[in-house]
There are 4 protein chains.
Amino acid sequence: MSGRFFASDNSATVHPAIMEALNEANRGHAIAYGEDEWTLAANRVFKDLFGRRAEVFFVYNGTGANVIGMQAALTSYHGVICSDVSHINCDECGATENYIGSKLLPVTTSDGCIAPDQILPFLSARGNVHHSQPKIVSLTQATEVGTVYDSDRVREIARICHKNDMYLHMDGARISNAAVSLGLDLGEITGRLGVDMLSLGGTKNGVMFGEAIVVWRPELAEKLTYIRKQGMQLASKMRFISAQFATLFGTDLWRENALHANELARELAARLRSIPAVEIVYPVEANGVFARLPRPALSRIQEEIFFYEWDAEADIVRLMLSFDSTMEDVEALVAAVRKHLS
Amino acid sequence: MSGRFFASDNSATVHPAIMEALNEANRGHAIAYGEDEWTLAANRVFKDLFGRRAEVFFVYNGTGANVIGMQAALTSYHGVICSDVSHINCDECGATENYIGSKLLPVTTSDGCIAPDQILPFLSARGNVHHSQPKIVSLTQATEVGTVYDSDRVREIARICHKNDMYLHMDGARISNAAVSLGLDLGEITGRLGVDMLSLGGTKNGVMFGEAIVVWRPELAEKLTYIRKQGMQLASKMRFISAQFATLFGTDLWRENALHANELARELAARLRSIPAVEIVYPVEANGVFARLPRPALSRIQEEIFFYEWDAEADIVRLMLSFDSTMEDVEALVAAVRKHLS
Amino acid sequence: MSGRFFASDNSATVHPAIMEALNEANRGHAIAYGEDEWTLAANRVFKDLFGRRAEVFFVYNGTGANVIGMQAALTSYHGVICSDVSHINCDECGATENYIGSKLLPVTTSDGCIAPDQILPFLSARGNVHHSQPKIVSLTQATEVGTVYDSDRVREIARICHKNDMYLHMDGARISNAAVSLGLDLGEITGRLGVDMLSLGGTKNGVMFGEAIVVWRPELAEKLTYIRKQGMQLASKMRFISAQFATLFGTDLWRENALHANELARELAARLRSIPAVEIVYPVEANGVFARLPRPALSRIQEEIFFYEWDAEADIVRLMLSFDSTMEDVEALVAAVRKHLS
Amino acid sequence: MSGRFFASDNSATVHPAIMEALNEANRGHAIAYGEDEWTLAANRVFKDLFGRRAEVFFVYNGTGANVIGMQAALTSYHGVICSDVSHINCDECGATENYIGSKLLPVTTSDGCIAPDQILPFLSARGNVHHSQPKIVSLTQATEVGTVYDSDRVREIARICHKNDMYLHMDGARISNAAVSLGLDLGEITGRLGVDMLSLGGTKNGVMFGEAIVVWRPELAEKLTYIRKQGMQLASKMRFISAQFATLFGTDLWRENALHANELARELAARLRSIPAVEIVYPVEANGVFARLPRPALSRIQEEIFFYEWDAEADIVRLMLSFDSTMEDVEALVAAVRKHLS
């Protein structure tokens, strides 16, 4: 397999500006574990983006950011309200349950977004020793099905959380795609709305490796320093994560990359919608297109241009666009769909 | 702080050949999570090095390699016999206990090396439900104090392990330094001697990020595929770890880098030994020199050229040499020592 | 509050024959932790009941039996398929997730009983490292809503489990009520149908404290000896659990107690059904009656005779009958319902 | 085996007054899980004994009391300073590490008692993310080798703990024996000295089953309600634990039982000391006698009257006295020793 395909935004390359940052960071010795100038610089970038109360902790990957971040807020008998299709519930091989020891409390959603009134029933468990005690609501922004929470909904969920002594966690593996979709800055759709901790994605937006946990609560930051180390997520040569993030988020690169991917997703969806046998099953608000294709054709297209099936029984596929996807890629896929459906 | 110092081999840079490999791996899309050509190539390199039975699992860092690797061999009531100064016991913030849930059973050593007869007393716990059941012996090679196990000792410990239904784990964060010290190949000092699983270090020998777990037991390999993902150690853009390891271990780079660091360590030790007030406290068999320095001078030297204190109460410092350390660095340190001790 | 009520079968007293057994076991010293003559005798009783392959492990309570038993079969990335209303999912404060570290995979049921074809979709996760791997199907018999699995269904689910390298776990907190409901012996509805491990209840059927884990798999039994101790469930003065169980299950006491409670449940249901405003919402197959009552009356009845609300929003109450409940209790409750509904 | 022996104080019977309390508690239905009149009464007894700030949580056994109690005070990266021979370190099959996930930090003691200055070196790990952070000091009172901490030492250790944001935990499986040894009340040797949480033993002093966790810190009490349930330690028919403890500690029974056992231990030690070949290896301050006996005789005596070897290699045996041991038992043992040593 060569060239580009639609399997995932983490199939993409590393952006040239990120590669350059890595090369530049490779001079002289640096104190390990984050006490280096690159990490210091990255911290300043994050304060600018997310506000003075925000503290950043670089980790290795998205599962690490979710697990380590939420662990700081949870004790053994706590539960996490999340969507049924959330990455923490479906795609982390039970990491939350095993490494944190907390129960996930999934709610059924039609579009990957939790509604505020879905949280309320869980509150009746408060104070009952037989039940897990809800302590976190976790939203994925953009969601796993390519939709985006609007700011009012996030603000309302934050309000419910804080009123009930809960934290609002945001899995932002694709937060940049959500921000450009909403036309807002990263701080405006997170801390400003009441998000308490954020898994900030880079790998799906042009970075080689590394994600960041951003927290707006000092009591969580204090625990995170230890939990990150214990949780196998403290990079010794941390400068090479910091330098990437300072480049991605210290310039407009995050925005340009995400904008490009989102636009191509919209283009792809528009073209697919014009093909009668194809159904777009979720609103295309970020960089993913979820489409139902007739089965025999589906498999033949997949052999030509790789992508994953999202729901094999329902013949729904997931088509992900990246910063390095091109209009030619989109057209080639559309052509393949047309060919096999005709 | 600038230039180079003696704090740790993970303060060093990334070797230029590794940077080049990273740049070369950055073309086209690749299936995530290891189903890419670079990982395939790296797997072949590891089969050549470690034999056909060996399976390799790339992870992010050394703590990850130790925890995830040992987890595959342990159930809740198992214990791990290790040295009192071992990294898993002292420097991973209790990760083994928290994430695996297993008890560490440390033995006191004079030089970081466990003696075979220190294992035997733990065997009397076998079958007694009140006691943790020893299941792994973990050796660090080279040890945390810069010494190296000879092959006979490793073979003898492996024999005891296998006779008693235990696994032999090797923390090889500095296994390359041990191999060149012994004048042997990596396979000859691990799987060939009966090691069942190895944390194979790269970061301390010129790599940017990533370590590898090598296992010689199919029952461990089967579990590792899941545990690595769950354990936050499965890199999505894995090609960028694989490409580094294929370069480091598919050529003589690992050997050259380690040889250089070891030789400088011996040179440093030789020069320090000639200074009457300095005592070298452990045999210098790898790339670390542990020296006792008189206190007021110690702190002043440290301000000039950075290194860590190993045992602050005993005035013992740790001086680590890297692939990118130079004879000039050594001479500068020796000069500083002489200056402040005169 | 005094007298008897309908809150739970664990509100009941200890059966006089059990109290007598406790008194009789109180002579002389006995080796702790199960190496005593009473435990030996109880083991023989269990071999008679459950077959020669069955091994019994006494523990303290039902949550302990479920957690410790399942832990023997699970490793970190395993999942447990269970019903949405199962005790392990709803009423153990997340013990499975926290102490075992495994994910629960609940399925929605209309009557507390899992259907065989609800298991199949989970099997598509097999081999995918991103998903928890299903390893146990857990059935509650009798269910939390007072229904009973028939033998064909249990046998079919066992077949699916074993074909797919999974274990069948049965939470039998009320297994005696299920057995008499089916008119079968305890062995006939467990090990004989393919159940691999059973949490055998005593506390809800006349015992003071203690439950038993019965396993039909030697590999589970071997692990259980250690896990029980580690899991805080190994009683030092074990003879006092063993003596109770030898009495309950070595005679027809378990059957008589359960039969009595089941019969009173049927009587209560029959009388309530004759009241127009009352709806019995689940088949009454064991010792519990689940009824929907009009709200203002519901609360007034509850003040007179205590019971729990099962679903407060839906005005459904749970009425549990015990071995020491009487026909007078039933009639008093029915009279109270009639009074407040008229 | 019949009659009485010296294996353990949990080989003993249940005291007749306790059996009577169990029989008396067996009337009518009672709300499960502790909302019953017996538990209410027991709570009052504990407030009298331990002060108004003290909160009591009944659990099933000593391991449960230690694990559940300490869990309330620990988060994942915390460590527990304890003695090398402590029950939590040696005799709970790694429960602290597995169920809490915390590291034990054992210190070597000559007589089972931790000295205040052994705690200080651990404090240098504070703030270093690579090391477990000490959060609890756990003392066993009376110790596992039959010695007793004097009040000054406990007070001094409490002072160090509180000055350094740590909790003082006391494993009081034999706290009654310590209290009568010191001639003090239970409150005077625990909360009054600064103990923050206590595992209060009953099983080794005449109770059938059950232990109590006593805490003097509201933040621990709040967590304990949930952790006890999740930790498989919440008894449904709790009245039967409460009734025992109200009897044992609401009267002088705890004192009489412990006094009797301690006195017999002193008598046994005195008689054994008069036999030249026997060496008493620890001060006899509670109800255990640790003696070195010549090997061939040791085994022959053991066949006649059962007891455990404490250190098989050093020929040291542990002889435990119980509330139901008699002077005749002591004389029979001494006679057997004399016989086999002559």
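Quick caveat, the model's predicted, so the values are computed rather than measured.

With the rule as written, the count across this model stands at 11 cavities of 30 Å³ or more. Considering only enclosed or pocket space, the largest cavity measures out at about 190 Å³ in volume. Every residue lining the largest cavity is counted, 16 residues in all, and those nearest its centre are Asn 61, Gly 62, Thr 63 and Lys 204 of chain C together with Tyr 33 of chain D. The greatest single-element share of the lining of the largest cavity, amounting to three residues, is contributed by helix 3 (residues 62-71) of chain C. Each residue belonging to the lining of the largest cavity can be placed in one class, and the counts come to three nonpolar, eight polar and five charged.

This paragraph deals with the environment of Val 334 of chain C. Residue and element names in this part refer to chain C. As for its position among the elements, Val 334 is in helix 12 (residues 327-341). With 298 residues separating them along the chain, Val 334 and Asp 36 place their C-alpha atoms 47 Å apart. Non-local contacts of Val 334, meaning those with residues more than four positions away in its chain, are made with Leu 268, Arg 271, Leu 272 and Ile 275.

Glancing now at the interface of chain C and chain A. Of the residues lining the interface, 20 residues belong to chain C; the matching set on chain A comes to 20 residues. For the chain C and chain A pair, buried surface summed over both sides reaches about 1,500 Å², with 45% attributable to carbon and sulfur atoms. The largest contributions to the chain C side of the interface with chain A come from Cys 93, Glu 97 and Lys 103 of chain C, which together make up 36% of the buried area. Our count for the chain C to chain A interface comes out at 12 residue pairs in polar contact (both at pLDDT 80 or more). Elements supplying a minimum of two residues to the side of chain C that touches chain A: helix 4 (87-90), helix 5 (95-100) and strand 3 (103-107) of chain C. The class makeup of the residues in the side of chain C that touches chain A is seven nonpolar, nine polar and four charged.

Here we come to helix 8 (residues 218-230) of chain C. All names here are of chain C. For helix 8, spanning 13 residues, the distance from its first C-alpha to its last is 19 Å, which sits close to the expected 18 Å at 1.5 Å a residue. Where helix 8 bends most, the angle comes to about 35°, and this point is Leu 224. For helix 8, the full list of buried residues reads Leu 220, Ala 221, Leu 224, Tyr 226, Ile 227, Arg 228, Lys 229 and Gln 230. Count one or two residues on from helix 8 and you reach Met 232, which has phi positive near 65°.

All names here are of chain A. Across the sheet, seven strands lie side by side as 1-7-6-5-4-2-3; this open sheet has mixed pairing. Strands with a single pairing partner mark the edges of an open sheet, and in this sheet they are strand 1 (55-59) and strand 3 (103-107). On average, adjacent strands in this sheet sit at an angle of 25° to one another, irrespective of strand direction. Two elements, strand 2 (residues 78-83) and strand 4 (residues 133-140), share four bridges in a ladder whose sense is parallel. Residue pairing for strand 4: Ile 81 is matched across the bridge by Val 137. Where helix 2 (residues 37-50) meets the sheet, it contacts strand 1, strand 6 (197-200) and strand 7 (211-215), and its direction lies at approximately 130° from that of strand 1. Helix 9 (residues 218-230) contacts strand 1, strand 5 (167-172), strand 6 and strand 7 of the sheet and is inclined by roughly 20° relative to strand 1.

Residues and elements named next belong to chain A. Following both chains from N to C, one finds helix 11 (residues 253-273) and helix 13 (residues 327-341) inclined at 20°, their axes separated by 10 Å at the closest point. With respect to helix 13, the axis of helix 11 lies roughly parallel. Handedness of the crossing formed by helix 11 with helix 13: right-handed. Residues Leu 264, Glu 267, Leu 268, Arg 271 and Leu 272 of helix 11 touch helix 13, and the partners they reach there are Met 327, Val 330, Glu 331, Leu 333, Val 334, Val 337 and Arg 338. Its residues placed into classes, the contact of helix 11 with helix 13 shows eight nonpolar, no polar and four charged.

On to the sheet that holds strand 7 (residues 211-215) of chain B. Residue and element names in this part refer to chain B. Pairing is mixed across the open sheet formed by seven strands, whose spatial order is 1-7-6-5-4-2-3. With one partner strand each, in any of the chains shown, strand 1 (55-59) and strand 3 (103-107) form the two edges of the open sheet. Strand-to-strand twist across the sheet, computed as the mean angle between neighbouring axes with direction ignored, equals 25°. Strands strand 1, strand 6 (197-200) and strand 7 of the sheet are contacted by helix 2 (residues 37-50), whose axis makes an angle of about 130° with strand 1. Its contacts with the sheet place helix 9 (residues 239-250) against strand 1, strand 6 and strand 7, and it is angled at close to 125° to strand 1.

Mapping chain A onto chain B leaves a residual RMSD of 0.0 Å; the transformation is a rotation of 180° accompanied by 0.0 Å of translation along its axis. As the rotation angle and translation indicate, the two copies are arranged about a two-fold axis. Residue Tyr 99 of chain A, judged by its C-alpha, is the member of chain A lying nearest the rotation axis, at 2.9 Å. A high fraction, 100%, of the interface residues of chain A reappear at the interface in chain B, so the copies pair face to face through one surface.

All names here are of chain B. Axis separation between helix 11 (residues 295-304) and helix 12 (residues 327-341) bottoms out at 9 Å; the angle between their running directions is 140°. In this structure, helix 11 meets helix 12 at a crossing whose hand is right-handed. Touching Ala 297, Arg 300, Ile 301 and Glu 304 of helix 11 are Leu 333, Ala 336, Val 337, Lys 339, His 340 and Leu 341, all from helix 12. In terms of residue class, the contact of helix 11 with helix 12 is built from six nonpolar, one polar and three charged.

A common measure of how large an interface is: the accessible area buried when the components associate. Residues and elements named next belong to chain A. Domain annotation for chain A reports domain 1 (16-251) and domain 2 (254-341). For domain 1 and domain 2, the distance between their C-alpha centres works out to 28 Å. If you look at the interface, domain 1 gives 22 residues, while domain 2 gives 18 residues. The largest contributions to the domain 1 side of the interface with domain 2 come from Val 145, Asn 177 and Val 180, which together make up 29% of the buried area.

It is worth spelling out the pattern of salt bridges at this point. Counted according to the given criterion, the structure contains 64 salt bridges over all chains. A salt bridge links Arg 174 of chain C to Asp 9 of chain C; its shortest N-O distance comes to 2.6 Å. With a gap of 165 residues between them, Arg 174 of chain C in the loop between strand 5 (167-172) and helix 7 (175-182) and Asp 9 of chain C in the segment before helix 1 (16-24) connect regions that are remote in the sequence. For the pair Arg 174 of chain C and Asp 9 of chain C, one class covers both residues: buried. Via salt bridges that share partners, Asp 185, Asp 252 and Arg 255 of chain A belong to a single interconnected network.

Procedures and definitions
- Along each chain, numbering runs from 1 in the same order as the chain's sequence is written.
- Lettering for chains starts from A, numbering for ligands starts from 1, and both go in the order in which the items are written.
- Local features in this predicted model are restricted to residues of pLDDT 70 or higher, and side-chain atom pairs are both shown and tallied only at a pLDDT of 80 or more, whereas totals for entire chains, interfaces and linings draw on every residue.
- Side-chain calculation: all heavy atoms of the structure are included, whereas hydrogens and water are not.
- Grid points spaced at 1 Å and placed over the protein atoms alone form the basis of the search, with a cavity being a set where a 1.4 Å probe fits but cannot get out and a pocket an open set showing protein on both sides within 12 Å along at least five of seven lines. Lining residues have an atom within 4 Å of a point.
- Grid points are joined across faces, edges and corners, and a volume is the space filled by probe spheres set on the points.
- What counts as a helix is a DSSP run of H or I of at least four residues, what counts as a strand is a run of E of at least two, and both are numbered from the N terminus.
- Residue polarity follows a fixed list, in which Ala, Val, Leu, Ile, Met, Phe, Trp, Tyr, Cys and Pro are nonpolar, Asp, Glu, Lys and Arg are charged, and the others, Gly among them, are polar.
- Throughout, a contact is declared for two residues whenever any of their heavy atoms are within 4.5 Å.
- Computed with a 1.4 Å rolling probe, the buried area is the accessible surface lost when two parts are put together, summed over both parts.
- In protein, a polar contact means a hydrogen-donor-capable atom and an acceptor-capable atom, both N or O and within 3.5 Å, with residues adjacent in sequence counting only if both atoms are side-chain atoms; elsewhere, any N or O pair within 3.5 Å suffices.
- Here a helix's expected span is defined as the number of its residues, less one, multiplied by 1.5 Å.
- The seven residues ending at a residue and the seven starting there each receive a fitted axis; the angle between those axes is the bend at that residue.
- Each residue is assigned to one of three classes by its accessible area relative to the maximum for its type, calculated with a 1.4 Å probe on protein chains only: buried under 20%, partly exposed between the two thresholds, exposed over 50%.
- A pair of strands is treated as paired once DSSP finds two or more bridges between them.
- Fitting a line to C-alpha atoms yields each axis, with helices limited to the stretch in contact; the angle taken between N-to-C directions then spans 0 to 180 degrees.
- By definition in this entry, angles of less than 35 degrees are roughly parallel, angles greater than 145 are roughly antiparallel, angles of 65 to 115 are roughly perpendicular, and the rest are oblique.
- Working rule for handedness: look at the near helix, and if it is turned counterclockwise from the far one by less than a right angle, call the crossing left-handed; if clockwise, right-handed.
- The superposition of copies rests on a least-squares fit of C-alpha positions from residues with pLDDT of 70 or more in both.
- Where a domain begins and ends is set by an automatic assignment or by a domain database.
- We define a salt bridge as a contact between a side-chain nitrogen of Lys or Arg and a carboxyl oxygen of Asp or Glu at a distance within 4 Å.

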